[in-house]
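Okay, here's what each chain looks like letter by letter:
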Amino acid sequence: MKKIYGAILMLLTGAFSLNAQAQNNTIKGGVNVGVKPVEAATVSLIATKDSAVVKVEVTDKNGRFEIASAKQGVFLLLVSAVGFEKQYKGPFQLGNTKTDIDAGTITLQAAPKDLKAVVVTAKKPLIEQKIDKLVVNVDAAPTNAGATAMEVLEKSPGISVDNDGNISLKGKGGVIVMMDGKPTYLSAADLANLLKNTAASSIDQIEIMTQPSSKYDAAGNAGIINIKTKKSLKSGLNGSITVGGSLGFFSKGDAVYVNPRSQNSLNFNYRKNKINIFGNYNPNFNKGRNELNIKRNFYNTDGSLNSGADLTTSFRGRNNNHSVKLGADYFIDKKNVVGMVFTGFGFFGRPDPSTITNIYNPDGSLQSGLYSTAANNMKFRNYTANVNYKHSFDSTGKELSVDLDYVKYDNVSDMLLTTYPRDYNDKLGDPVLLKGHLPSNINIYSAKADYTHPLKGDAKIEAGIKSTLVKNDNMVDYSRETGGGWMPDARSNHFLYEENINAAYVNLGKKFNEKWSGQVGLRAENTNTKGRQVINDSSFTRHYTNLFPTAFVSYAVDKNNQLTLSYSRRVNRPNYENLNPFTFFLDSLTYKKGNPYLLPQFTHNVELSHNLKGKYIFTVNYSRTTDVISEIIRQNPDEKTIFATTENISTFRNMGLSVTAPFKWSAWFNTNVFANFYNNHYKGMYNADPIDLAYTAYMVNITNSFTIAKGFSAELSGFYRSKSVDQLLVIDPMYQMSIGLQKSLLKDKATLRLNFRDPFGWQKFAGVSRYGDVDVTIRNRWDTRQVSASLTYRFGKNTIAPSRKRSTGVSDEINRAGQTN
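Quick caveat, the model's predicted, so the values are computed rather than measured.

### Quick word on the overall build of the protein
Secondary structure assignment for the protein yields five helices and 45 strands. The buried share of the protein, taken over its 821 residues, is 51%. Pairs at least 24 residues apart make up 67% of the contacts formed inside the protein by residues separated by at least 6 positions. Counting only carbon and sulfur atoms, one obtains 58% of the accessible surface of the protein, whose full area is about 36700 Å².

Written out as structure tokens, the structure reads:
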């Protein structure tokens, strides 16, 4: 690994002295209204041949601007500012020798009075297809009013969420979820819990990347989903306040339970001169219900039926959660900026499930049963701190950035499980009490540096290094009431885990001509882990180094057709909870256990995409994964116990075809369609029995947008997912529809949204696992029928200033802990 770091450092050092980039031409000037200078006017350099925007700058407080560009050709200047008409200046000829051009003073004229009633707002489309990712603009959909981050993800193109909150992308699991470029580090269940309690009103965009470059962590065999929270781009003091709530409806028999939920957020940004301060606060309350049913059959060694069991768990949950972000950027000068960001999340919940378990004889008669209740008190706290620095060497894009991160998770769960045995006459026996105290602490330290160096001939080289240290301390302290007091339980445990990942990468991209462009990259990751179970004094250590190449090539057939072929090798490491060898109970006969001996899974991905007219995207993909990390079920027919655990049990092959297509039927009616057709195939061994599961499936997301009148819009959206296989579970079809209304108020300073989610209660989960001696059927339903309303008020100035785009260095680690920032 030292050799790899040495090579990268030599590359970084040598790049500082490269003179391969072309000479820069400079255009200077000023922007006035009469004799008064205009601050924060936008000045764009536009190529005359294709109207492409080459460079954008903003005037300073004296109305001055300076644009430097290595591009050659004929260009125009476009100057715009709120309340004024656009002005063009030029043309200007820029050649291959350094030239300084004085554009003089550009005078703006006030917009005509009859335009005063027209508020200039940039209405983003719901879905944007960019060269390397698909972007979902959350506020563009009225049906996102009152929704959570999980609900927004669930209806996003290509994304599906299973019964346990595991997120898949185009039929493939192992997705890395990031928040503002930061990874998340929790189990799938804890990540789902966090996303279900994050308000959609605090989210700006969702970025979906199926083939990330070597600049990103190699983790995530299906790709990366980056959830970007809101941060204003405007100068002065501005922001927004959202107050909202929803009612969820859950039917059980003749009863209908109404569950309230609040969705509130405050976002602010203050930008003046060299200082930018930003933040948000989201206090929310959530109450919900769901019902889980698990049916299983136990078999004898000769294949005959031993017994059956039917478990029904009714969940009632309530929680309060708070998230906060506070950050600042200081622009030292035009070339140097330093910033810091602090975030915090607190979840305080009391889920109280009750479970009825019936055990049946082979003839269907009742043998015995259990009635269990669990009182839980859960406190999850998450804190992050980031310090970042960026130095821009010149205006060509040559820059160096550094990020230092610290992340802490402090989680505590206290539970009391009370189990009443029942005989065949349905009489309750004396209760059995199990008390648990489950603290978990994760500390993550990360440092990374990235360097970008443009080269002549439309080429660019990127390189960087990163090091991350994770320390994980988990304990389960169980005790059982014996009639004479509480006694320690043998299932108590204490698990310590440390992980150090050192990485280095290099990317080289080049546009060869008007038709051909490409990029190649290589990332090296060195992983060192050690785990120790304190109580039984057992431990393990692992050291391995892997290379992760990436390659992209793009060919423009003509102005309407572009083909892109890409390849990447990726890794998905087990999350920290799956490595944790503890026992977590649903009831006395049903529980979950971790596996400290899990290995990482590795994936080869290939994609070919066709971009038609910049709107229609057709993609063919193929991937193969080895040592698949799969959740499997193991059971004991004699004791009637069943538990879920995670093992490297199979290989996985996925191939598919996806289509993204927008349709504009009229000036008031637009439709976005995403369709994905894919085949998943799992092969492996369970005990001595072969596993061979394959299924061809499809999923469709459709969003219809309607402009009813000025400032009044509506949305009708939904998704359908056919029968499919995910890991070792065959999942029944799932579908849902939502209706949304949106109205602008107070001269577009406020927005009122109303949303009806799944009004007919269609969305339910059902699946079957059958392999070896396992025969399990799972059904789950929850309060998907919801009506939501929210009011957003925007305050502050409307002049736009550029914001700094930035991400931190701890994305994969946060994701594997199962939590987000």
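Structure's up, so let's keep going.
### With respect to the pairing of strand E37 (residues 689–709)
Across 18 bridges, the pairing between strand E36 (residues 669–686) and E37 is antiparallel. Residue pairing across strands places Tyr682 opposite Leu693, the latter belonging to E37. Connecting E36 to the next strand, E37, in antiparallel fashion are two residues, including Asn687 with a positive phi near 55 degrees. The pairing of E37 with strand E38 (residues 712–721) spans ten bridges and is classified as antiparallel. Bridge pairing in E38 places Asn704 opposite Leu716. Linking E37 to E38, which pair antiparallel, is a turn of two residues; within it Gly711 sits at a positive phi near 75 degrees.

### Points about the nonpolar core
One finds Tyr686, Ile691, Leu728, Tyr771 and Val776 to be the most contacted residues of the largest nonpolar core, which totals 25 residues. Elements represented by at least two residues in this core include exactly strand E18 (275–299), strand E34 (616–636), strand E35 (641–666), E36, E37, strand E40 (729–731), strand E43 (765–771) and strand E44 (774–782). If we ignore the near neighbours within four places in the chain, the residues touching Tyr686 are Ile632, Ile633, Arg634, Ile649, Ile691, Tyr771, Gly772, Asp773 and Val774.

### Overview of the environment of Lys749
Take Lys749: it is sitting in the loop between strand E41 (734–745) and strand E42 (750–757). The class of Lys749 is partly exposed, set by a relative accessible area of 41%. Taking C-alpha positions, Lys749 is 5.8 Å from Tyr793, a pair spaced 44 residues apart along the chain. Excluding residues that lie within four positions of it along the chain, Lys749 makes contacts with Thr792, Tyr793 and Arg794.

### With respect to the side chain of Lys325
Positionally, Lys325 belongs in strand E19 (residues 305–331). Judged by its relative accessible area of 13%, Lys325 is buried. Beyond its immediate chain neighbours, meaning those up to four positions away, Lys325 contacts Asp180, Thr229, Phe278, Gly279, Asn280, Val341, Phe342 and Thr343.

### Comments concerning the environment of Ser262
Assignment of secondary structure puts Ser262 in strand E17 (residues 255–272). Distance in space between the C-alpha atoms of Ser262 and Gly245 is 4.1 Å, their sequence separation being 17 residues. Residues within four places of Ser262 in sequence aside, it is in contact with Gly244, Gly245, Pro283, Asn284 and Phe285. Within polar-contact distance, the side chain of Ser262 engages the backbone nitrogen of Phe285 at 2.7 Å.

### Side note on the pattern of salt bridges
In the structure shown here, the tally under the stated rule is 17 salt bridges. The residue Arg523 makes a salt bridge to Asp217 at a minimum N-O spacing of 2.9 Å. Of this pair, Arg523 sits in strand E28 (residues 516–533) while Asp217 sits in the loop between strand E14 (203–209) and strand E15 (223–229); the two residues are 306 residues apart in sequence, bridging distant segments of the chain. Look at Arg523 and you get buried, because its relative accessible area is 4%. Note that Asp489 and Arg480 form a salt bridge whose closest N and O atoms lie 3.4 Å from each other. Through salt bridges with shared partners, a single ionic network connects Asp217, Lys466, Arg523, Glu525 and Arg573.

### Considering the packing of aromatic side chains
Scanning all chains against the criterion turns up 25 aromatic pairs. Aromatic pair Phe760 and Trp762: ring centres 5.1 Å apart, planes at 25 degrees, arrangement stacked. Take Phe760: its relative accessible area is 54%, and that puts it in the exposed class. Lys398 extends its terminal NZ or CZ atom over the ring of Phe393, reaching a point 5.1 Å from the ring centre. Sitting above the plane of the Trp486 ring, Lys435 keeps its charged end 4.4 Å from the centroid.

### Topic: a positive patch on the surface
A cluster of basic side chains, namely Lys28, Arg64, Lys98 and Lys334, defines a positive patch on the protein surface. Relative to the helices and strands, Lys334 resides in the loop between E19 and strand E20 (336–349).

### Here's the deal with the pairing of strand E30 (residues 561–572)
As paired strands, strand E29 (residues 538–558) and E30 are joined by eight bridges and run antiparallel to one another. Following the sheet pairing, Ser554 is matched in E30 by Thr564. Remark: two residues form the turn of the hairpin made by E29 and E30, two consecutive strands paired antiparallel.

### Concerning the side chain of Arg570
Tracing the backbone shows Arg570 in strand E30. The buried charged residue Arg570 lacks any salt bridge, with Glu525 as its nearest oppositely charged partner at 7.5 Å. A polar side-chain atom of Arg570 sits 2.8 Å from the main-chain carbonyl oxygen of Asp217. Of the polar contacts made by the side chain of Arg570, one reaches the backbone oxygen of Ala219; its length is 2.6 Å.

### A short note on the confidence of the model for the protein
Detailed conclusions should not be drawn from predicted coordinates in areas where pLDDT is low. Chain-level pLDDT for the protein is 84 on average; 86% of the residues reach the 70-or-more range. This stretch, residues 113–122, has a pLDDT under 50; its non-local contacts, to residues over four places away or in other chains, come to four contacts.

### A short note on unusual backbone geometry
Gly90 connects to Pro91 through a cis peptide bond whose omega is 5 degrees. Along the chain, Pro91 falls in strand E7 (residues 87–94). Although it is not a glycine, Lys640 sits at a positive phi angle of roughly 65 degrees. Mapped onto the fold, Lys640 is located in the loop between E34 and E35. Looking at Lys640, the relative accessible area reads 11%, which means it is buried.

### Some details on the environment of Lys61
Relative to the assigned elements, Lys61 resides in the loop between strand E4 (53–58) and strand E5 (64–69). Residue Lys61 is classed as exposed on the basis of its relative accessible area, which comes to 59%. Separated by 23 residues in sequence, Lys61 and Val38 have C-alpha atoms that sit 7.2 Å apart. Sequence-distant contacts of Lys61, that is, excluding residues within four places in its chain, are made with Pro37 and Glu39.

Rules used throughout
Residues numbered from 1 in each chain as written. Predicted model: local features only at pLDDT ≥ 70, side-chain atom pairs only at ≥ 80, totals over all residues. Heavy atoms only, no water. Helix = DSSP H or I, 4+ residues; strand = E, 2+ residues; numbered from the N terminus. Buried < 20%, exposed > 50% of the residue type's maximum accessible area, 1.4 Å probe, protein only. Contact = heavy atoms within 4.5 Å. Areas by Shrake-Rupley, 256 points an atom, 1.4 Å probe, with all protein chains shown as cover. Pairing = 2+ DSSP bridges. Core = buried A, V, L, I, M, F, W, Y, C linked by side-chain atoms within 4.5 Å. Polar contact = N/O pair within 3.5 Å; in protein donor to acceptor, adjacent residues only side chain to side chain. Salt bridge = Lys/Arg side-chain N within 4 Å of Asp/Glu carboxyl O. Phe/Tyr/Trp six-rings, centres within 6.5 Å; stacked < 30°, edge-to-face > 60°. Lys NZ or Arg CZ within 6 Å of the ring centre and 35° of its normal. Patch = residues over 30% accessible without salt bridge, like charges linked within 9 Å, V, L, I, M, F, W, Y side chains within 5 Å. Lys, Arg positive; Asp, Glu negative; His and termini not counted. Charge placed at Lys NZ, Arg CZ, Asp CG, Glu CD. pLDDT = per-residue confidence, 0-100.

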